[in-house]
Amino acid sequence: MSTPTEKSARPARSGTPEIRVSGLHKSFGDNEVLRGIDLEIGAGEVVCVIGPSGSGKSTLLRCVNLLEEPTRGQVFVGGTELTDPDVDIDAVRRRIGMVFQQFNLFPHLSVTENLTLPQRRVLGRGKAEAAKVAAENLRRVGLAEKADAFPASLSGGQQQRVAIARALAMGPEVMLFDEPTSALDPELVGDVLAVMRRLAHEGMTMMVVTHEMTFAREVADRVVFMDGGVIVEDGTPEQVIGNPSHERTRHFLSRLL
Ligand code: ADP
Ligand code: MG
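Conventions and cut-offs
Residues numbered from 1 in each chain as written. Chains lettered and ligands numbered in written order. Predicted model: local features only at pLDDT ≥ 70, side-chain atom pairs only at ≥ 80, totals over all residues. Heavy atoms only, no water. UniProt positions renumbered as here; feature names shortened; annotations may be inferred. Buried < 20%, exposed > 50% of the residue type's maximum accessible area, 1.4 Å probe, protein only. Helix = DSSP H or I, 4+ residues; strand = E, 2+ residues; numbered from the N terminus. Pairing = 2+ DSSP bridges. Contact = heavy atoms within 4.5 Å. Axes fitted to C-alpha atoms, helices over the stretch in contact; angles between N-to-C directions. Core = buried A, V, L, I, M, F, W, Y, C linked by side-chain atoms within 4.5 Å.

If you check an unreviewed UniProt entry, the protein chain appears there as ABC-type polar-amino-acid transporter from Streptomyces minutiscleroticus. The record in UniProt for the protein chain states the following under Subcellular location (unreviewed entry): "Cell membrane". Per its UniProt entry, the protein chain bears the Catalytic activity (unreviewed entry) comment "a polar amino acid(out) + ATP + H2O = a polar amino acid(in) + ADP + phosphate + H(+)".

Here you go:
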């Protein structure tokens, strides 16, 4: 299953980092949750972020699209500094897709309408174009036949794939995933991971918080282990998961088995 060839099938990456986080600190009151994060993710690179609950993984992801405002430090996406007070944050956010553990679909809208509404509201696309892009992206996640269904009639895995399609329909440069399979029944996890794996192979830049170690080993270019608001290890999956150099990483991994 594990396959170097899979990774080499992916498009070559350019030299400029697509995501750059520099000296990032985030506190909630006097709880310092991120304590100086430095991280670069190249275009087309897939980075999995692992670590214990409460280590700051979600906060880091949320700082990368400014859902949380950093206390200190800089975040760049595609060369634009998000932490620059003069930046048009709505414009930058359009370039960043985010998928959460909870799918957050609109229950009263059909699958197609869930995909067309943000395109029309945020990007100002016309009805026909939005519908065309919705159909393309539903095909991409293998759910073309559910275009007219309502979220409640879908399995959790299908709903999450709709949420991924909704993010993709906005044409993002990077995709952030925060434990996208953690809310799913085990038998539904595989289909969601398969969609993410395909996206990785298409060359999407991805930052994925996950506990799915098989996915991280097979799909990630790099794995970042966080603990206590710092990056403890950052390396290839073989290094970080296969042969961790820190006791904290070993302890975390041993508890997953
Ligand atoms: P992880 O995703 O690794 O489980 P989080 O980033 O969600 O960790 O949380 C890290 C810490 O930050 C936790 O102690 C959490 O309680 C705290 N935290 C996260 N979001 C907020 C918030 N909006 N307000 C106050 N504390 C928060
Ligand atoms: Mg989290």
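A. Representation of the pairing of strand β3 (residues 46–50). Burial of β3 is extensive: 5 of the 5 residues sit out of reach of the surface. Along β3, one buried face is formed by V46, C48 and I50 and the opposite face, lined by V47 and V49, is buried too. Of the pairings in the sheet, the one linking β3 to strand β8 (residues 205–209) comprises 4 bridges and is parallel in character. Bridge pairing in β8 links V46 to M206.

B. The arrangement of the sheet that holds strand β5 (residues 80–81) in detail. A sheet is described by the order of its strands in space; here 4 strands give the open sequence β2-β1-β4-β5, paired in antiparallel fashion. On the outer flanks of this sheet lie β2 (31–42) and β5, each paired with one strand and no other. Bridge count between strand β4 (residues 72–77) and β5: 2 bridges; the pairing is antiparallel. Looking at the pairing, V77 lines up with T80 of β5. Running over the sheet, helix α2 (residues 57–64) touches β1 (17–28), β2 and β4 and is turned about 120 degrees from β1.

C. Geometry of the UniProt feature "domain: ABC transporter" (unreviewed entry) in the protein chain. Mapped onto this structure's residue numbering, the UniProt feature "domain: ABC transporter" (unreviewed entry) falls at residues 19–253. Spanning residues 19–253, this segment combines 38% helix with 26% strand, and its end C-alpha atoms are found 26 Å apart.

D. Looking closely at the nonpolar core. Core analysis: the biggest nonpolar cluster contains 46 residues, and I164, M175, F177, M196, M206 and V223 have the highest contact counts within it. Ranked by residues supplied to this core, first place goes to helix α7 (residues 186–201) with 7 residues. Counting residues in each nonpolar core, the second largest holds 27 residues, with L66, V75, V77 and M98 among its members.

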